[in-house]
Amino acid sequence: MERLGRTLSEVVFTEGPIEQMLVARFGLDILKLIKYMHSKNRLYVDIRPDNFMLNMKEDQVYCVDFGMGELFLNPDSTHKSQVSGFRYNKNPIFLSMNCHSGSNASRRDDIEALLYVLLYMCKGTLPWIEAPSYEAGASIKSSMPIGDICNGLHPLWEAMLTVIRANDFETMPPYEWYEDQLKIIAGIN
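Cut-offs used in this document
- Residues numbered from 1 in each chain as written.
- Predicted model: local features only at pLDDT ≥ 70, side-chain atom pairs only at ≥ 80, totals over all residues.
- Heavy atoms only, no water.
- Pairing = 2+ DSSP bridges.
- Helix = DSSP H or I, 4+ residues; strand = E, 2+ residues; numbered from the N terminus.
- Axes fitted to C-alpha atoms, helices over the stretch in contact; angles between N-to-C directions.
- Contact = heavy atoms within 4.5 Å.
- Buried < 20%, exposed > 50% of the residue type's maximum accessible area, 1.4 Å probe, protein only.
- Arc of directions from axis to C-beta.
- Expected span 1.5 Å × (residues − 1).
- Salt bridge = Lys/Arg side-chain N within 4 Å of Asp/Glu carboxyl O.
- Lys, Arg positive; Asp, Glu negative; His and termini not counted.
- Polar contact = N/O pair within 3.5 Å; in protein donor to acceptor, adjacent residues only side chain to side chain.

One open sheet accounts for 3 strands, arranged 1-3-4; its pairing is antiparallel. The open sheet has two edge strands, strand 1 (4–7) and strand 4 (61–63), and neither has a second partner. On average, each strand axis in the sheet is tilted by 45 degrees relative to the strand beside it, whichever way the strands run. As paired elements, strand 3 (residues 52–55) and strand 4 share 3 bridges and run antiparallel to each other. Bridge pairing in strand 4 places Met53 opposite Tyr62. Packed onto the sheet, helix 1 (residues 8–15) meets strand 1 and strand 3 and runs at close to 60 degrees relative to strand 1. On the sheet, helix 2 (residues 20–39) packs against strand 3 and strand 4 and is oriented at approximately 30 degrees with respect to strand 4.

Right, let's talk about unusual backbone geometry for a bit. The phi torsion of most residues other than glycine is negative, and most of the peptide bonds are trans. One non-glycine residue, Asn41, lies in positive phi territory at about 65 degrees. Looking at where Asn41 falls in the secondary structure, it is placed in the loop between helix 2 and strand 2 (42–43). Asn41 sits in the partly exposed class, given a relative accessible area of 29%. A positive phi angle is found at Val45, which is not glycine, with a value near 70 degrees. Topologically, Val45 is positioned in the loop between strand 2 and strand 3.

What follows deals with helix 7 (residues 155–165). Buried within helix 7 we find Leu156, Trp157, Met160, Leu161 and Ile164. For helix 7, the arc enclosing every buried residue in end-on projection is 140 degrees, short of the 170-degree limit, so these residues lie on one face. Turning to helix 7, the residues buried within the fold contact helix 2, helix 4 (107–123), helix 6 (146–149) and helix 8 (175–186).

Looking now at helix 4. Taking 1.5 Å per residue, 17 residues should reach 24 Å; helix 4 reaches 25 Å between its end C-alpha atoms and fits that length. The element helix 4 is extensively covered by neighbouring structure, given that 16 of its 17 residues are classed as buried.

Enumeration over the complete set of coordinates arrives at 10 salt bridges. With a shortest N-O distance of 3.4 Å, Arg48 and Asp50 are connected by a salt bridge. Its relative accessible area of 39% is what places Asp50 among the partly exposed residues. Ionic pairing is found between Arg108 and Asp109, a salt bridge with its closest N-O pair at 3.7 Å.

Structurally, Arg107 is set in helix 4. Summary of buried charges: Arg107 has no salt-bridge partner, and the nearest side chain of opposite charge, Glu170, is 7.0 Å away. Polar contacts involving the side chain of Arg107 include one to the main-chain carbonyl oxygen of Glu170, which spans 2.6 Å. Once residues within four sequence positions are removed from consideration, Arg107 is found in contact with His38, Leu43, Phe72, His79, Glu170, Thr171, Met172, Pro173 and Tyr175.

Below, the structure is given as structure tokens:
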């Protein structure tokens, strides 16, 4: 078994904001893992920097906690129904807007949470990270324009967040489009 190094949280804590090109490369690794999980009809649900670790050379990202993962398809292969009034008992910092609003998770929510993790790595913080309560953090996140969240970063971060927030509950996210945007930011042809 490969020995792993620091979590992404530890990297940001010790190094501060990470250069966007490197964050986008890590984002490609994580997106590949999420896409694979989704191809197996599973959601990750608990996407946050503590659940991703680098290898010892710090050139590869690994998922380390699948404890909250859940199926998004029913036994008859239909998509599970959207439920309102749902409440996640997890860290709200990286939670999607739909989950904040009381919806159960779907594939779009994994991608939105991933984008918050990547934005956190680029900026070293998020505007709602110091909110005094779950509700206050959700309020800041929902009222803040996406352009303000992504201020100072490559414009593709704003485009990616805008697209995923508009994704419907059952619609498969455009994984390849996200890969293309991250490759542009990462400088990969």
